[in-house]
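Remarks on the overall topology
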Amino acid sequence: MSATKSRSRLTVTFTSDIVPSDAPAKSKGGGQAQGGRKSKVWEYVALATVPLVLVLGNSMLVPVLPTLQRELGISQFQSSLVISLFSICAAIVIPFAGYLSDRFSRKAVIIPSLIIYGGAGILAGFGAIWDSYGVLIGARALQGIGAAGTAPIAMALVGDMYKDGQESQALGLIEASNGAGKVVSPILGSLLAIIVWYAAFFAFPAFCALSLLAILFLIKEPKRQQEPKPIRQYIQSVKKVFAKHGRWMISSFFSGAMALFILFGVLFFLSNILEDAPYSINGVRKGFVLAIPLFGMVTTAYITGTVISKNGVLIRLLMNIGLVLMVVSLALAIWFNKSIYVFIGLLTVSSIGTGLLLPCLNTMITGAVEKSERGMITSLYSSLRFFGVAFGPPLFGWLMNISHRTVFMTVSILSLIALGLVFFLVKPGKQVQ
């Protein structure tokens, strides 16, 4: 009897019509997968507009700095402050913007920031028309405050919206968009200067308006699962992040800031020497020449972001290769800076190295922290990157007054320091978080 009972078992199977929240919904005709891909493409486009607008705010002015200097009767140092003060103000305000985005929401910070950024662009344009350096530089400082809540917060938003391979791909696209802005902006700035030299200032609001509409209507921010932490607890959480990851994170912060210091310094350097003999390259031609190294960076950054996924071994390899390329090319530029073709080629190799480095750093830093502290950590990283951008033009200008060789001796040593830090201290696991 007992044997019969043991063989007679009732199998019960439960089915449910409830679809898990993380499962993709199917539409009639099975077209949802394609619709989902289209939705992702538009999300990527909307997110990419934010760093693009940010870059245009600085890089589009690089070709017109010599003209601005002549028109307003100011020194080379004062003209470099048009770039640097913008970046310094952004660097100071970025951590506060990061905290606010963690406290409230990412879009609640990005949207008003774009409005401030665009409005201050109009004011800067009027400062140029009135020949008022004070108004222009004050408006640039205000633009920097607006810039603080744009690309750094978009990077945190990517971390909220995507995971794994999609996250690194989106971050790679953001870095590529950043680089694409750098490629297009010198050409665009040169073209706008044909109309009138200060036209670039009035172009910012149009770009800001397009980005604002894209963020408003194409981005749906994920709902927060937890209540925001009190500020004391929030600060303690950030401290714990640095206690756990500080060694590699600080090295990564320095390397990212150094890469952009070199990139913007080189742009300032080129913009100033190309107009002089023996090159005598002006206007749109100069914009195209400035775009060549940047094109190498943007192409490399996009490909890097697409292929690295969360592969820690590949990330480490590409970071070190990128920094080696920077060290070697910048060191060679100490001696080979007379031929414009060789010189631009070396700077392009350095920019390719930057394109390998930055998406890897972005992926590691964004993935290292929880959502509740992500805005602050990515903002601190972006803040240091902005300081790199800020000090590039004035320090390169000062070094240029010593000698061109001094410029490239300095940046090759900085690249070598970054390579040492990354090689010995930044060692991600096989799979990045």
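Let me begin by describing the structure that accompanies this report. (Residues numbered from 1 in each chain as written. Predicted model: local features only at pLDDT ≥ 70, side-chain atom pairs only at ≥ 80, totals over all residues. Heavy atoms only, no water.)

Across its full length, the protein carries 15 helices and 0 strands. Counting across all 433 residues of the protein, residues that qualify as buried make up 55%. For the protein, the accessible surface area stands at approximately 19,400 Å², while carbon and sulfur atoms represent 67% of it. (Helix = DSSP H or I, 4+ residues; strand = E, 2+ residues; numbered from the N terminus. Buried < 20%, exposed > 50% of the residue type's maximum accessible area, 1.4 Å probe, protein only. Areas by Shrake-Rupley, 256 points an atom, 1.4 Å probe, with all protein chains shown as cover.)

Each aromatic ring pair is characterised by the separation of its centres together with the angle its planes make. With the rule as written, the count across this model stands at 15 aromatic pairs. Ring geometry for Phe423 versus Phe424: centroids 5.1 Å apart, planes at 90°, classification edge-to-face. Seen from the ring of Phe423, Arg316 lies directly overhead, with NZ or CZ sitting 5.4 Å from the centre. (Phe/Tyr/Trp six-rings, centres within 6.5 Å; stacked < 30°, edge-to-face > 60°. Lys NZ or Arg CZ within 6 Å of the ring centre and 35° of its normal.)

Glancing now at the packing of helix α10 (residues 231-273) against helix α13 (residues 340-367). Viewed as axis vectors pointing N to C, α10 and α13 meet at an angle of 150°, and their least axial separation amounts to 10 Å. Taken as axis vectors, α10 and α13 run roughly antiparallel relative to one another. Note on packing geometry: the crossing formed by α10 with α13 is left-handed. Across the interface between the two elements, Trp248, Ser252, Phe253, Ser255, Gly256, Ala259, Leu260, Leu263, Val266, Phe269, Leu270 and Ile273 from α10 touch Phe343, Ile344, Leu347, Ser351, Thr354, Leu357, Leu358, Leu361, Met364 and Ile365 from α13. (Axes fitted to C-alpha atoms, helices over the stretch in contact; angles between N-to-C directions. Parallel < 35°, antiparallel > 145°, perpendicular 65-115°, else oblique. Left-handed = near helix turned anticlockwise from the far one by under 90°. Contact = heavy atoms within 4.5 Å.)

Let's shift gears to the side chain of Thr300. As for its position among the elements, Thr300 is in helix α11 (residues 283-308). A polar side-chain atom of Thr300 sits 2.6 Å from the main-chain carbonyl oxygen of Gly296. When near neighbours in sequence (up to four residues on either side) are disregarded, Thr300 contacts Ile352, Gly355 and Leu356. (Polar contact = N/O pair within 3.5 Å; in protein donor to acceptor, adjacent residues only side chain to side chain.)

Let's shift gears to the side chain of Ser255. Looking at where Ser255 falls in the secondary structure, it is placed in helix α10. When neighbours within four sequence positions are excluded, Ser255 is seen to be in contact with Leu357, Leu361, Ala418 and Val422.

Among the nonpolar cores identified, the biggest contains 130 residues, and Phe201, Leu270, Met319 and Phe408 are the most heavily contacted of them. Excluding residues within four positions of it along the chain, Phe408 makes contact with Phe269, Leu330, Ala333, Ile334, Phe343 and Leu347. (Core = buried A, V, L, I, M, F, W, Y, C linked by side-chain atoms within 4.5 Å.)

Among the surface-exposed residues, Ile116, Ile122, Leu123, Phe126, Ile129, Trp130, Leu142 and Ile145 lie close enough to one another that they form a single nonpolar patch of about 670 Å² accessible area. Only α5 (106-129) and α6 (133-147) provide two or more residues apiece to the nonpolar patch. Sorting elements by how many residues they give to the nonpolar patch places α5 first, with 5 residues. Here Phe126 is to be found in helix α5. Residue classification places Phe126 among the partly exposed residues on the basis of a relative accessible area of 34%. (Patch = residues over 30% accessible without salt bridge, like charges linked within 9 Å, V, L, I, M, F, W, Y side chains within 5 Å. Salt bridge = Lys/Arg side-chain N within 4 Å of Asp/Glu carboxyl O.)

Quick look at empty space enclosed by the protein now. Within the structure shown, the criterion is met by 2 cavities of 30 Å³ or more. In this structure, the largest cavity occupies an estimated 250 Å³ of space. Considering the residues around the largest cavity, the lining is formed by 20 residues, among which Leu54, Asn178, Leu260, Arg385 and Phe386 are closest to the centre. Along the lines of polarity and charge, the residues of the lining of the largest cavity split into 12 nonpolar, 5 polar and 3 charged. (1 Å grid on protein atoms, 1.4 Å probe; cavity = no way out; pocket = protein on both sides within 12 Å on 5 of 7 lines; lining within 4 Å. Points joined across faces, edges and corners; volume = space filled by probe spheres on them. Nonpolar A, V, L, I, M, F, W, Y, C, P; charged D, E, K, R; others polar.)

Here we come to the environment of Leu263. For Leu263, the location among the structural elements is in helix α10. Owing to a relative accessible area of 7%, Leu263 belongs among the buried residues under this scheme. Expressed as a C-alpha distance, the spacing of Leu263 and Lys182, which sit 81 residues apart in the sequence, is 9.8 Å. When sequence neighbours within four positions are dropped, the list of residues in contact with Leu263 reads Lys182, Leu294, Met297 and Ser351.

As a further point, take α5. Between its terminal C-alpha atoms α5 stretches 35 Å, which fits the 34 Å expected from 24 residues at 1.5 Å a residue. N-cap assignment for α5: the residue whose side-chain oxygen lies 3.1 Å from the backbone N of Ala108 is Ser105. Looking one or two places after α5, you find Asp131, whose phi comes out positive at around 55°. (Expected span 1.5 Å × (residues − 1).)

Here helix α12 (residues 312-332) crosses helix α15 (residues 404-425) at 160°, and the two axes come no closer than 8 Å. The angle between α12 and α15 places the two elements in the roughly antiparallel class. As α12 runs across α15, the sense of the crossing is left-handed. Of the residues in α15, those touching α12 at Arg316, Met319, Asn320, Leu323, Val324, Met326, Val327, Leu330 and Ala331 are Phe408, Val411, Ser412, Ser415, Leu416, Ala418, Leu419, Val422 and Phe423. The class makeup of the residues in the contact of α12 with α15 is 14 nonpolar, 3 polar and 1 charged.

One pass over the full model with this rule turns up 2 salt bridges. Of the charged contacts in the structure, one is a salt bridge between Arg106 and Asp102, with a shortest N-O distance of 2.6 Å. Arg106 sits in the buried class, given a relative accessible area of 0%. Across the pair Arg106 and Asp160 runs a salt bridge whose closest N-O atoms are separated by 2.7 Å. Placement of the pair is Arg106 in helix α5 and Asp160 in helix α7 (residues 151-161), with a sequence separation of 54 residues. This pair shows no difference in class: Arg106 is buried, exactly as Asp160 is. One connected set of salt bridges, linked through shared partners, spans Asp102, Arg106 and Asp160.

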